[in-house]
Amino acid sequence: MSTYLNFPFDQEIFLHSWEAAPDPTKTAMIDSGALVEDAMIEARIQNDGCLYTIPFYSALDGEPDNYDGATDIMAQEPVGGSQTGVVYGRGKGFTARNFAAELSGGDPLGHIATTIGKYWAKQRQKNLLAILEAIFGITGSGNAKKWQENHVVDLTKEASAAYTIGATDLNDLATKALGDNKNLFSLAIMHSDVAKTLENLQLLEFWKYTDANGIQRPASIASVSGFTVVIDDGVPVDRTSESGTPAYTTYLLGEGAIRTAKARVDVPAEVHRDPSVNGGQDTLYTRIRETIHPNGFSFNVPGSDWTNSPTDAQLGATANWSISFDPKAIPIAKLVTNG
């Protein structure tokens, strides 16, 4: 056991405390249920580099033969494909000067232990948003064309004036994207301004709970058109239009549409003391390796500047992603409105 800022430092206890404290930057997308731990992916990335492949079988297809006692029954083998994911690694150190702690009487270790989880959750959500925006930029023919035509709807470009979200827009998007599979969608993640529009239209119904005194109160989770609404101001907002009217992105997602898993990190946290710099200071170093993977897509290794961990720019580059599934099996869609 080492010490950190004159406190005993137990890595195991610290990692158990790696949870978020209250923070004005919400990370509701991470906690919404759209992002789920995938045990199969985790098993693949524990000891095998930064890329992993997930094979899948396509649905059985083909016309049956006539069974009349004279016609041969033809057999065919099932076909399939695969999708490829990527593990990214990140590290961050936090330093505190002993002298500053002595002057303030503060508890830097306690502060770090209660906020480090929130710090990494915000980084995780930033990467998730970058990956989502990257896959929504995919264009081309075949499945890529169907994806772009049916899963990305920008009503700010289709309307002649500013367009705010209406009563049927989410249901229309779900139907356009998945048709008779639209029940795969379960979550709508939107900016508070978009939620306000729906609330003013009396379309947003906040869930209720009964407190310890038996009084029924509204919860922070709502529903609209059968979708659970998660309100998070971290979703993309484009404020660059000439009209000055912001364009807000609302995501429709199915539970588990985004897969995640932790990769091997032998030393996720450690302390280093430098007694000479600034009169003495201690630095806590933290490391993560993990994957965030939109189910139905593949990450393609870029042709240059590639290392064993993709940069934020590489994760968010549309050129590094391609579609692997039939879009009708992918419960991920995007709606853009002016509020």
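Provided above is the structure to which this section pertains.
Residues numbered from 1 in each chain as written. Predicted model: local features only at pLDDT ≥ 70, side-chain atom pairs only at ≥ 80, totals over all residues. Heavy atoms only, no water.

Trainee: Teacher, can you tell me more about unusual backbone geometry here?
Mentor: Phi is mostly negative for residues that are not glycine, and the peptide bonds are mostly trans. Notably, Gln 202 is not glycine yet its phi reads approximately 60°, a positive angle. Note on placement: Gln 202 falls in the loop between helix 9 (192–200) and strand 9 (205–210). The exposed category is assigned to Gln 202, whose relative accessible area is 73%. If you check the backbone angles, Ser 225 has positive phi at about 50° while not being a glycine. Position of Ser 225 among the secondary structure elements: in the loop between strand 10 (216–224) and strand 11 (227–231). Given a relative accessible area of 40%, Ser 225 falls into the partly exposed group. (Helix = DSSP H or I, 4+ residues; strand = E, 2+ residues; numbered from the N terminus. Buried < 20%, exposed > 50% of the residue type's maximum accessible area, 1.4 Å probe, protein only.)

Trainee: Mind showing me how you'd approach the side chain of His 191 here?
Mentor: Looking at where His 191 falls in the secondary structure, it is placed in the loop between strand 8 (187–190) and helix 9. Take His 191: its relative accessible area is 6%, and that puts it in the buried class.

Trainee: Got a minute to help me understand the pairing of strand 8 in this structure?
Mentor: Regular strands have side chains that alternate between both faces of the sheet. Residues Leu 187 and Ile 189 line one face of strand 8 and the alternating positions Ala 188 and Met 190 line the opposite face, and both faces are buried. Sheet analysis places strand 8 next to strand 11, joined by 4 bridges and oriented parallel. Directly across from Ile 189, in strand 11, lies its bridge partner Val 230. Sheet topology places strand 8 next to strand 13 (residues 247–253); 3 bridges connect them, and they run antiparallel. By the bridge assignment for strand 13, Leu 187 is matched with Leu 253. (Pairing = 2+ DSSP bridges.)

Trainee: Looking at this structure, how should I read helix 6 (residues 143–151)?
Mentor: It helps to recall that an α-helix has 3.6 residues per turn; residues three or four apart then point in one direction. Considered for burial, the residues of helix 6 that qualify are Ala 144, Trp 147 and His 151. One side of helix 6 holds all its buried residues, which, seen down the axis, span an arc of 75°. (Arc of directions from axis to C-beta.)

Trainee: Explain the layout of surface pockets to me, please; I cannot follow it from the model alone.
Mentor: It is a probe the size of a water molecule, rolled over the atoms, that shows where empty space is left. Each pocket or cavity is described by its volume, and for the second largest pocket that value is around 330 Å³. Looking at the lining of the second largest pocket, the elements with two or more residues in it are strand 7 (152–154), helix 7 (155–158), strand 12 (237–238), strand 13 and strand 19 (332–337). For the lining of the second largest pocket, the element with the highest residue contribution is strand 7, accounting for 3 residues. By residue class, the composition of the lining of the second largest pocket is 8 nonpolar, 6 polar and 5 charged. (1 Å grid on protein atoms, 1.4 Å probe; cavity = no way out; pocket = protein on both sides within 12 Å on 5 of 7 lines; lining within 4 Å. Points joined across faces, edges and corners; volume = space filled by probe spheres on them. Nonpolar A, V, L, I, M, F, W, Y, C, P; charged D, E, K, R; others polar.)

Trainee: Where do I start with the pattern of salt bridges in this structure?
Mentor: Two side chains that carry opposite charge are able to pair once their charged atoms sit near each other. A complete count under the given rule lists 12 salt bridges for this structure. As a salt-bridge pair, Asp 312 and Arg 90 come within 2.7 Å of each other at their nearest N and O atoms. Pair noted here: Asp 312 is in helix 10 (residues 312–315) and Arg 90 is in strand 6 (residues 88–97), with a separation of 222 residues, a long-range link. Across the salt bridge formed by Arg 287 and Glu 270, the nearest N and O atoms sit 2.5 Å from each other. Residue Arg 287 is located in strand 16 (residues 281–294), and its partner Glu 270 is located in strand 15 (residues 269–274); the two are separated by 17 residues in the primary sequence. Residue Arg 287 is classed as partly exposed on the basis of its relative accessible area of 33%. When salt bridges with common partners are traced through the structure, they connect Arg 90, Lys 126 and Asp 312 into a single cluster. (Salt bridge = Lys/Arg side-chain N within 4 Å of Asp/Glu carboxyl O.)

Trainee: Just to check I follow, could you spell out the environment of Tyr 119 for this structure?
Mentor: Topologically, Tyr 119 is positioned in helix 5 (residues 108–136). The sequence separation of Tyr 119 and Lys 92 amounts to 27 residues, and the corresponding C-alpha distance is 9.9 Å. Those residues in contact with Tyr 119, other than ones at most four positions away along the chain, are Lys 92 and Phe 94. (Contact = heavy atoms within 4.5 Å.)

No statement about biological role is implied by the geometric values presented.
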